[in-house]
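Letter by letter, the chains look like this.
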Amino acid sequence: MRELHDLNVSIAVEAAELARARRRVGVAVAASKSSLVDIVTEADREVERLVVERLRAARPDDGILGEEGTSIAGTSGLTWVIDPIDGTVNYLYDIPAYAVSIGLVEGDPDPATWQPLSGVVVNAASGERFEATRGGGATLDGRPIRVADAVPAATALVGTGFGYDAARRQRQAAIVQELIGSVRDIRRIGAAALDLANVASGRLNAYFEIGLQPWDFAAGALIVEEAGGSLHGWQGEAPGSRFLLAAHPQVAAEILELMAPLPVEGV
Ligand code: IPD
């Protein structure tokens, strides 16, 4: 496990350096994906290519699932789940909240059943490195981190995010509109992997999002759990693409109660 995690760290750090170097030169939109605002830059593709190349060389039998199209079924039972640049819109605008996120999971590459083993999230702008191994705790730049102590929801700082489909994000915003009167405030930082890392290190009390992709949370979710946080899906489901909430367990319970009457299912 240590060896696999060290490999994860070294690839994520190298990938973050590449993303930062490309950002210095300047970034342009290469293409739109699911909608006009869902963009990919050449750097997203280049960083994914680098990560895949490194993984194929070191671990030829493992599967790889990447945001920018990589889908390789392995034979080892292990899959690397990559977001080469999470926070692509921040990256485009040079807002310093974009990250390389690499998770290693065991089992089918399905968040409902997989077992995360290693997670690394590197903020490519700041160089901050969040990491965790299953059962081994979570760290930020090598120092152990914990989620913030429990607070009442009324004083909780809650992160969230929005997808790229216009009608869907309006429904997501309607959920936030209901919640914002019951919590300290809302943050939309723009990179799910960093939102999760922020919960793990106590910079946010909670984070939730409806409609994440597996690569947005494969690494960050493990980091939250290893920092003493809990993860929740909607109404007892496994946390995942439909709904994911991460927080100190007591804060999570209160936020789930606040959200119970909201039309999350219709989002
Ligand atoms: C997005 C970011 C954003 C979240 C979206 C994600 P991308 O990922 O994590 O914060 O709200 O749901 O799709 O497109 O920047 O890799």
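Above this text sits the structure in question.
Residues numbered from 1 in each chain as written. Predicted model: local features only at pLDDT ≥ 70, side-chain atom pairs only at ≥ 80, totals over all residues. Heavy atoms only, no water.

Comments concerning the pairing of strand S5 (residues 78-86)
- Most of S5 is tucked away: nine of the nine residues are buried.
- For strand S3 (residues 63-66) and S5, the ladder comprises four bridges, and the chain directions are parallel. Of the residues in S5, the one forming a bridge with glycine 66 is isoleucine 82.
- Alignment of S5 against strand S6 (residues 99-106), held across seven bridges, turns out to be antiparallel. From the neighbouring strand, valine 81 faces S6, where its bridge partner is glycine 103. (Buried < 20%, exposed > 50% of the residue type's maximum accessible area, 1.4 Å probe, protein only. Helix = DSSP H or I, 4+ residues; strand = E, 2+ residues; numbered from the N terminus. Pairing = 2+ DSSP bridges.)

Considerations on the packing of aromatic side chains
- Applying the stated rule across the entire model yields four aromatic pairs.
- Centre to centre, the rings of phenylalanine 208 and phenylalanine 243 are 6.3 Å apart; their planes meet at 25°, and the pair counts as stacked. You can see phenylalanine 208 sitting in strand S13 (residues 206-209) and its partner phenylalanine 243 sitting in the loop between strand S14 (230-232) and strand S15 (244-247), a full 35 residues away along the chain.
- Plain terms: the ring middles of tryptophan 234 and phenylalanine 243 are 5.1 Å apart, the flat faces sit at 65° to each other, and that makes the pair edge-to-face.
- Through a chain of ring-to-ring contacts, three or more aromatic side chains come together here, namely Phe208, Trp234 and Phe243. (Phe/Tyr/Trp six-rings, centres within 6.5 Å; stacked < 30°, edge-to-face > 60°.)

Regarding the site of the ligand
- Taken together, 16 residues form the shell around the ligand, and within it Asp86, Gly87, Tyr164, Ala192 and Glu209 come nearest.
- In this structure, aspartate 83 approaches the ligand through a side-chain N or O atom, which is 3.3 Å from an oxygen atom.
- Take alanine 192: an N or O atom from its main chain is 2.8 Å from an oxygen atom of the ligand.
- For the ligand, whose accessible area on its own is 380 Å², the fraction buried by protein is 96%.
- The element that contributes the greatest number of residues to the shell around the ligand is S5, accounting for three residues.
- In terms of residue class, the shell around the ligand is built from six nonpolar, four polar and six charged. (Near = heavy atom within 4 Å. Polar contact = N/O pair within 3.5 Å; in protein donor to acceptor, adjacent residues only side chain to side chain. Areas by Shrake-Rupley, 256 points an atom, 1.4 Å probe, with all protein chains shown as cover. Nonpolar A, V, L, I, M, F, W, Y, C, P; charged D, E, K, R; others polar.)

Digging into the sheet that holds S15
- The strand order across the open sheet formed by five strands is S12-S11-S13-S15-S14, and the pairing between neighbours is mixed. For this open sheet the edge positions go to strand S12 (185-187) and S14, each flanked by a neighbour on one side alone. Direction aside, the axes of adjacent strands within the sheet are offset by 20° on average.
- Sheet analysis places S14 next to S15, joined by three bridges and oriented antiparallel. Pairing of leucine 231 across the sheet is with alanine 246, part of S15. (Axes fitted to C-alpha atoms, helices over the stretch in contact; angles between N-to-C directions.)

Structural notes on the pattern of salt bridges
- Applying the stated criterion to the full structure yields 13 salt bridges.
- A salt bridge links arginine 187 to aspartate 185, with the shortest nitrogen-to-oxygen separation between them at 3.3 Å.
- Judged by its relative accessible area of 35%, arginine 187 falls in the partly exposed class.
- You can call aspartate 185 partly exposed: its relative accessible area is 29%.
- Across the pair glutamate 237 and arginine 242 runs a salt bridge whose closest N-O atoms are separated by 2.9 Å.
- Of the residues examined, glutamate 237 reaches a relative accessible area of 34% and is grouped as partly exposed.
- Residues participating in the shared-partner salt-bridge network are Glu14, Glu53 and Arg54. (Salt bridge = Lys/Arg side-chain N within 4 Å of Asp/Glu carboxyl O.)

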